[in-house]
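Below are the chains, spelled out letter by letter.
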Amino acid sequence: MAAPLVLVVLVAVTVRAVLYRSSLAAFISERVEVASPLNAWKRVVEGLALLDLGVSPYSGAIFHETPLIIYLFHFLIEYAELVFMITDVLTAVALYLAIQDFNKVVFKKQKLLIELDKYAPDVAELIQTPMEMHYIPLKVALFYLLNPYTVMSCVAKSTCAINNTVVAFFILATIKGSAFLSAVFLALATYQSLYPLTLFAPALLYLLQRQFIPIKLKSKSFWLYTMQYAALYLCSLVVIICLSFFLLNSWDFIPSVYGFILSVPDLTPNIGLFWYFFAEMFEHFSLFFVCVFQINVFFYTIPLAIKLKEHPVFFMFVQIAIISIFKSYPTVGDIALYMAFLPVWSHLYRFLRNIFILSCVLIVCSLLFPVLWHLWIYAGSANSNFYYAITLTFNIGQILLISDYFYAFLRREYYLTHGLHLTRQDGTEAMLVLK
């Protein structure tokens, strides 16, 4: 399996290297779908220029990345293209190794449940075989490295690629069962973009499963392990934030990074839901609706944790998708991360209802983004309503896609325990309806 992975990596690096040397690089880096006010490379360069002049990069309203990022590129600015290519490769390799381990866990769990007669007798066709699972890690790496969204994000040198790498290493550490590394990478991911805080719940649930600790609120071992993991996470986060303070000798980065993410002051158009809504809103209503919009990302964590407590990796996938849809400054690079997980759920395809239509919606919207932007900004024959309409359609498509996978997952789990051929009490055929 190593040889195909190396081949995929070589192809991906070649594609990026060619695009870096083409005229498309400048066009891609200017696209609002690829770079946001948070992660645009131009803003990183501005921050570096201020740092070189002995001025705090957070003294203006331009730079909103974290101190660790600016100091990373302070030393590696001449090798920026190489850094972004390496981060993409590291992300793909981390996901590859994580899914390899996850598949082993899934296979062992299936085998145990079959031996314990937990599955219905007529569901053999729903059981994942080793042959089906063999190429899934490679497909995940392929889906990430050769996804046009990932390629564009890398070519634009969007720091979203670095965030994805941190999240990928967090997933790898969690699936490997390392609570310490999982907490460290989760803290680093939270430090980078705040929203990965919601991944605490699926990570904890997975680690509890690995330790065979029952997920019961009355269990002492449950609370002890939860407090240990939370302490590791919080201590790691405090250390990283203090390190940032020592680098800058200032706390200016906290309002400039996290205040910027939460208050959404820059209404530059992007593929998110915030910008148009708040551009049209009266100022005295904005605080209330900012809170409502921000709560959206965190609101689903508890109900999902209750429903998917036995399936933390699928919970993690859904939560990453929710973050990429509802965060304040999303880019296509965020979408690429959760889309890389789609091959992991290939066994759900038979239960998906609208996959073809939704795939077409996402592709068409992706193609229409630059068209409607040109009509609005350059041709003057359209307005912001047109661009936001396609943004709204794109996000609705993503929401329906994740909902479809969620429906398919629950339906398969029900069939595994109750059988494929459901009957009513009178013996007639029944139809499964999820409400």
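Just so we're clear, the structure is a prediction, and the values are computed from it rather than from any experiment.

**Some points on the packing of aromatic side chains**
Taken as a whole, this structure holds 43 aromatic pairs when the rule is applied. For the pair Phe274 and Phe278, a centre-to-centre distance of 5.9 Å together with 25° between the ring planes defines the contact as stacked. Of this pair, Phe274 and Phe278 both sit in helix H14 (residues 274-279), separated by four residues, roughly a single helical turn. According to the relative accessible area criterion, Phe274 is buried, its value standing at 2%. The exposure class of Phe278 is buried, given its relative accessible area of 9%. Taking 5.4 Å as the distance between ring centres and 70° as the angle between the ring planes, the aromatic pair formed by Trp373 and Tyr387 counts as edge-to-face. Of this pair, Trp373 sits in helix H19 (residues 355-379) while Tyr387 is found in helix H20 (residues 384-418), placing the two residues 14 residues apart along the sequence. For Trp373, a relative accessible area of 13% translates into the label buried. By relative accessible area, which is 0% here, Tyr387 ends up buried. Taken together through their ring pairs, the aromatic side chains of Phe102, Phe314, Phe317, Tyr338, Phe341, Trp345, Tyr405, Phe406 and Phe409 make up a single cluster.

**Considering the environment of Val93**
Secondary-structure assignment places Val93 in helix H5 (residues 80-115). Residue classification places Val93 among the partly exposed residues on the basis of a relative accessible area of 28%. Separated by 47 residues in the primary sequence, Val93 and Val140 place their C-alpha atoms 9.4 Å from one another.

**A few points about the packing of helix H17 (residues 312-326) against helix H18 (residues 332-339)**
Viewed as axis vectors pointing N to C, H17 and H18 meet at an angle of 165°, and their least axial separation amounts to 9 Å. By the angle between their axes, H17 is roughly antiparallel relative to H18. With respect to the hand of their crossing, H17 and H18 are arranged in left-handed fashion. The residues of H18 that touch H17, namely those facing Phe317, Ile320, Ala321 and Ser324, are Asp334, Ile335, Leu337 and Tyr338. Residue classes in the contact of H17 with H18 are distributed as six nonpolar, one polar and one charged.

What counts as what
Residues numbered from 1 in each chain as written. Predicted model: local features only at pLDDT ≥ 70, side-chain atom pairs only at ≥ 80, totals over all residues. Heavy atoms only, no water. Phe/Tyr/Trp six-rings, centres within 6.5 Å; stacked < 30°, edge-to-face > 60°. Helix = DSSP H or I, 4+ residues; strand = E, 2+ residues; numbered from the N terminus. Buried < 20%, exposed > 50% of the residue type's maximum accessible area, 1.4 Å probe, protein only. Axes fitted to C-alpha atoms, helices over the stretch in contact; angles between N-to-C directions. Parallel < 35°, antiparallel > 145°, perpendicular 65-115°, else oblique. Left-handed = near helix turned anticlockwise from the far one by under 90°. Contact = heavy atoms within 4.5 Å. Nonpolar A, V, L, I, M, F, W, Y, C, P; charged D, E, K, R; others polar.

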